[in-house]
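Below are the chains, spelled out letter by letter.
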Amino acid sequence: MSTELSESQDLNGLEQEENGTTRLTDICSGTVGSSMASIAEYYAGKSVLITGATGFMGKVLVEKLLRSCPEVKALYILVRPKAGQSMQQRVSDMMKCKLFDRVREDDPEFYQKIIPISSELTQPGLAISPEDVEKLGACINIVFHCAATIRFDEPLKHAVQLNVLATQQLLSLAHQMHHLEAFIHISTAYANCDRKYIDEVIYPPPVEPKKLIESLEWMDDGIVRDITPRLIGGRPNTYTYTKALAEYVVQQEQHRLNIGIIRPSIVGASWQEPFPGWIDNFNGPSGLFIAAGKGILRTMRASNDAVADFIPVDVVINLTLAAGWYTAVHRPKTALVYNCTTGGINPFHWGEVEHHVISSFKRNPLEQAFRRPNANITSNYLINQYWILVSHKFPALIYDLFLRLSGQKPQMMRIFNRLHKAISLLEYFSSQDWEWNSENMSMLMSQLTPEDRKTFNFDVRQLNWPEYIENYCIGTKKYVLNEDMSDIPAARQHLRKLRNIRYTFNTVLVVFIWRVFIARSQMARNIWYFVVSLCFKFLSYFRASSTLTN
Ligand SMILES: CCCCCCCCCCCCCCCCCC(=O)SCCNC(=O)CCNC(=O)[C@H](O)C(C)(C)COP(=O)(O)OP(=O)(O)OC[C@H]1O[C@@H](n2cnc3c(N)ncnc32)[C@H](O)[C@@H]1OP(=O)(O)O
Ligand SMILES: NC(=O)C1=CN([C@@H]2O[C@H](COP(=O)(O)OP(=O)(O)OC[C@H]3O[C@@H](n4cnc5c(N)ncnc54)[C@H](OP(=O)(O)O)[C@@H]3O)[C@@H](O)[C@H]2O)C=CC1
């Protein structure tokens, strides 16, 4: 099929818009796209460098590459020793993980393709040995940079060190790679959350990163802590601030490297691959889902009608691999940004999240729940404070009292304090709406062959949210909490016990309040006698009518 290209479009299928946005244009679908190698063919024989491979998204990336691009030559992963475990021990533990079951089935020797490289990203030169630098320089074809600190309460200095400086150092390393074809940087859709409409462009940075890095070098931690709120301005935390700076740092290299930037929104459990519901951490909404499932989280500030922009981890990874392929094959002149979001295509709202999470945990309860799952979200500050008092603090107090009386250590108040800290950091994202342009994601899809569209599916129009949330909740039970599905009948029984305790407690409370009331008020006594005599009259009427009919 031949298609004429307009003057504003180059042969790579890229279009530079007036506002600086670089777009993939659908005009090259069926021209360049059909004449190219498929994604798996492209990765065949390639050596890939991955940072953050031990993290949530990194692991899924490694798994997908090994499973769907079986001819890939080698995956070099930058890993540090951690928590008393050596680098080798960590990598071998990672490969035993259930996530790799399908790859293991296909190729039991898959681990031979994974080559760990010792690296601590906060150190000069990323603490990579000169021999390893040479090795990487000689063989790497594609870099996927996933590593970051994703903590919302990270001190600014450390967040800059890891999210900005390490990115800069990785780019320097990339310059030494003689066969590099693409550098893919994982950012976040919230890097520019101080804006309501977010296009697929790199916005001017809040501060020149070089100047900030120089200033932070001489400032002590106290000064940095004091000026952090002023520096981050409209952003809620150091994470989004430093991710925005990192994008700018990456963009500076766009004329020397082929760059793609992926901006996922709230990354959740897997949708389809390697199996539905894979999740292995408490980050983002997962910890709150679990807290709701355990009956601990009862109230939270969120806007029912705001879009909950979840994106399944397998969708992000499929898009990332497709973007790696596209960047390497088409070598765009400027960095391409992919907003990897669902809100504009297949919106789902926080009110719906609440409904489906709670009903899912009622069907598939977690073990040893504190109370029956029942959480309400509200955008009203006062209502939320009221429920925090009644449904969080009061039960925690009673339970801790019970623990104390039975000679155990109180713990519920501590758990609630941690929950409230997490909520205070997350509420910003659940209380408002953003609009992302995700045209590059749709356009990239149009560049794939029908086969690749299936193997590297990132078409979120097909996502059925209730089903996804159900699998997500089951995933938190199975893979985060390591609970057995065969225990569900016992967990249901436990919920019934909790319901009976609640009924009994409520009845005792009502009788108690009523007794106190009756003792103090003549009017309450009169109402009480009236209700009791009415009941007696009813009873005698029924007795009489049943005697007559007999
Ligand atoms: C039904 C209603 C539902 C409504 C739901 C509404 C949900 C709204 C959610 C909005 C989410 C918005 C996310 C926005 C994401 C932006 C996207 C990104 O780019 S950014 C990417 C997203 N980035 C983020 O999401 C980062 C956000 N998280 C943070 O910044 C921090 O975790 C923290 C500050 C919240 C808590 O810090 P701290 O108190 O210091 O606690 P640590 O973390 O250090 O954990 C200590 C230990 O406790 C363990 N554990 C944790 N939770 C639980 C739990 N629930 N249980 C049991 N255990 C739990 C944990 O495993 C750890 O164990 P170990 O390893 O020691 O053995
Ligand atoms: N999860 C989400 O909701 C979203 C994530 N993102 C982005 O996706 C990327 C991956 O996130 P995710 O997988 O969830 O994060 P994780 O926290 O699960 O993983 C972070 C990875 O970075 C590595 N890392 C952190 N510090 C260092 C260090 N000093 N030296 C070497 N390696 C280090 C970690 O290694 P180690 O195991 O040794 O700690 C880990 O492999 C990040 O760039 C994040 O900004 C974007 C949007 C949403």
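Residues numbered from 1 in each chain as written. Chains lettered and ligands numbered in written order. Predicted model: local features only at pLDDT ≥ 70, side-chain atom pairs only at ≥ 80, totals over all residues. Heavy atoms only, no water.

A. Geometry of the overall build of the chain. When you go through the chain residue by residue, the secondary structure sums to 20 helices and 15 strands. In terms of overall dimensions, the chain has a C-alpha envelope of 95 × 60 × 50 Å along the principal axes. Across the chain, contacts joining residues at least 24 apart in sequence account for 82% of those joining residues at least 6 apart. If you sum the accessible surface of the chain, you get close to 26400 Å²; carbon and sulfur atoms cover 55% of it. The distance from the centre of the 57 positive side-chain charges to the centre of the 55 negative ones in the chain is 14 Å. (Helix = DSSP H or I, 4+ residues; strand = E, 2+ residues; numbered from the N terminus. Contact = heavy atoms within 4.5 Å. Areas by Shrake-Rupley, 256 points an atom, 1.4 Å probe, with all protein chains shown as cover. Lys, Arg positive; Asp, Glu negative; His and termini not counted. Charge placed at Lys NZ, Arg CZ, Asp CG, Glu CD.)

B. Highlighting the pairing of strand E7 (residues 182-186). By the criterion of burial, E7 is predominantly enclosed, with five of the five residues buried. Crossover strand E6 (residues 142-145) to E7 through helix H7 (residues 156-175) is right-handed. As defined by bridge partners, E7 adjoins strand E9 (residues 259-264) across four bridges and the pair is classed as parallel. Counted as the bridge partner of Phe183 is Ile259 from E9. (Buried < 20%, exposed > 50% of the residue type's maximum accessible area, 1.4 Å probe, protein only. Right-handed = clockwise from strand over helix to strand, strands pointing away. Pairing = 2+ DSSP bridges.)

C. Broad picture of the site of ligand 2. Contacts to ligand 2 come from 26 residues, most closely from Thr54, Arg80, Arg90, Glu120 and Tyr239. Between Gly52 and ligand 2, the recorded distance is 3.3 Å, taken from a backbone N or O atom to an oxygen atom. Taking Glu120, its side chain carries an N or O atom lying 2.6 Å from a nitrogen atom of ligand 2. About the coverage of ligand 2: the protein hides 89% of its 890 Å² of free accessible area. For the shell around ligand 2, the elements supplying multiple residues, two or more each, are helix H3 (56-68) and helix H10 (238-251). (Near = heavy atom within 4 Å. Polar contact = N/O pair within 3.5 Å; in protein donor to acceptor, adjacent residues only side chain to side chain.)

D. A look at helix H16 (residues 439-447). Across the nine residues of H16, seven count as buried, placing the element largely inside the fold. Among all positions in H16, only Asn440, Met441, Met443, Leu444, Met445, Ser446 and Gln447 are buried.

E. Examining a nonpolar patch on the surface more closely. Taken together, the side chains of Phe394, Leu397, Ile398, Phe505, Leu509, Phe512, Ile513 and Val516 make up a nonpolar region of the molecular surface, amounting to roughly 750 Å² of accessible area. Within the residue set of the nonpolar patch, elements represented by two or more residues are helix H14 (381-405) and helix H19 (488-520). A per-element tally of the nonpolar patch places H19 first, with five residues. Take Phe394: it is sitting in helix H14. (Patch = residues over 30% accessible without salt bridge, like charges linked within 9 Å, V, L, I, M, F, W, Y side chains within 5 Å. Salt bridge = Lys/Arg side-chain N within 4 Å of Asp/Glu carboxyl O.)

F. Focus on the nonpolar core. Counting residues in hydrophobic clusters, the biggest one holds 109 residues, and the most contacted among them are Tyr43 and Val62. A per-element tally of this core places helix H12 (residues 313-330) first, with eleven residues. Leu78, Leu180, Leu216 and Ala335 belong to the second largest nonpolar core, which has 41 residues in total. (Core = buried A, V, L, I, M, F, W, Y, C linked by side-chain atoms within 4.5 Å.)

G. Molecular detail of the UniProt feature "domain: Thioester reductase (TE)" (unreviewed entry) in the chain. When the UniProt feature table is mapped onto this chain numbering, "domain: Thioester reductase (TE)" (unreviewed entry) sits at residues 50-319. Strand forms 14% of residues 50-319 and helix 41%; the C-alpha atoms that close the span are 16 Å apart. (UniProt positions renumbered as here; feature names shortened; annotations may be inferred.)

H. Representation of the environment of Ser446 within the structure. For Ser446, the position within the fold is in helix H16. Taking the C-alpha atoms as reference points, Ser446 and Ala524, separated by 78 residues in sequence, lie 73 Å from one another. Separated by 2.5 Å, the side chain of Ser446 and the backbone oxygen of Met443 make a polar contact.

I. Summary view of the domain arrangement of the chain. The domain architecture assigned to the chain consists of domain 1 (3-21 + 39-275 + 308-347 + 435-460) and domain 2 (489-549). Relative placement of domain 1 and domain 2: their C-alpha centres are 62 Å apart. (Domains from an automatic or database assignment.)

J. Structural view of the side chain of Ser391. When you line up the elements, Ser391 lands in helix H14. Its relative accessible area of 11% is what places Ser391 among the buried residues. The contacts of Ser391, once residues within four sequence positions are left out, are Arg298 and Arg371.

K. Up close: the sheet that holds strand E5 (residues 114-118). The strand order across the open sheet formed by seven strands is E5-E4-E3-E6-E7-E9-E13, and the pairing between neighbours is parallel. Looking at which strands have only one partner, the edges of the open sheet turn out to be E5 and strand E13 (336-340). Across the sheet, the axes of successive neighbouring strands diverge by a mean angle of 20°, strand direction being ignored. As judged from the five bridges shared by strand E3 (residues 47-51) and strand E4 (residues 74-79), these two strands associate in the parallel manner. Looking at E4, one finds that Ser47 is bridged to Ala74. Most of the contacts of H12 go to E7, to which it runs at about 150°, and overall it touches E6, E7, E9 and E13. (Axes fitted to C-alpha atoms, helices over the stretch in contact; angles between N-to-C directions.)

L. Examining the pattern of salt bridges more closely. Taken as a whole, this structure holds 21 salt bridges when the rule is applied. Where Arg104 meets Asp101, a salt bridge forms, and the shortest distance between an N and an O atom there is 2.7 Å. Of this pair, Arg104 and Asp101 both sit in helix H5 (residues 101-106), three residues apart, which is roughly one turn of that helix. One salt bridge connects Arg235 with Asp194, and the closest N-O pair in it is separated by 3.5 Å. Of this pair, Arg235 sits in the loop between helix H9 (221-232) and H10 while Asp194 sits in the loop between E7 and strand E8 (197-198), and the two are 41 residues apart along the sequence. With a relative accessible area of 40%, Asp194 lands in the partly exposed category. Linked by salt bridges that have partners in common, Glu63, Lys64, Arg67 and Glu273 make up one network.

M. Highlighting the state of the cysteines. Taken as a whole and assessed by the stated rule, the structure comprises zero disulfides. Take Cys97: it sits in no disulfide, and the sulfur closest to it among the cysteines is that of Cys146, at 16 Å. Exposure remark for Cys97: the relative accessible area of 18% places this residue in the buried category. Residue Cys193 stays outside any disulfide, its sulfur separated by 17 Å from that of Cys340, the closest cysteine. For Cys193, a relative accessible area of 3% translates into the label buried. (Disulfide = S-S within 2.5 Å.)

N. Representation of the environment of Gln161. Relative to the helices and strands, Gln161 is located in helix H7. Accessibility expressed as a relative area gives 32% for Gln161, which makes it partly exposed. Considering only alpha carbons, one finds Gln161 and Ser187, 26 residues apart in sequence, at a separation of 16 Å. Discounting chain neighbours no more than four positions away, the residues touching Gln161 are Thr122 and Ala166.

O. Fine view of the packing of helix H13 (residues 350-363) against helix H18 (residues 465-480). Where H13 meets H18, the axes come as close as 9 Å, and the angle between the chain directions of the two elements is 55°. Judged on the interaxial angle alone, H18 and H13 are oblique. As for the relative orientation of H13 and H18, their crossing is right-handed in sense. Residue-level contacts link His356, Val357, Ser360, Phe361 and Arg363 of H13 to Pro466, Ile469, Glu470, Cys473 and Thr476 of H18. Here the contact of H13 with H18 is composed, by residue class, of five nonpolar, three polar and two charged. (Parallel < 35°, antiparallel > 145°, perpendicular 65-115°, else oblique. Left-handed = near helix turned anticlockwise from the far one by under 90°. Nonpolar A, V, L, I, M, F, W, Y, C, P; charged D, E, K, R; others polar.)

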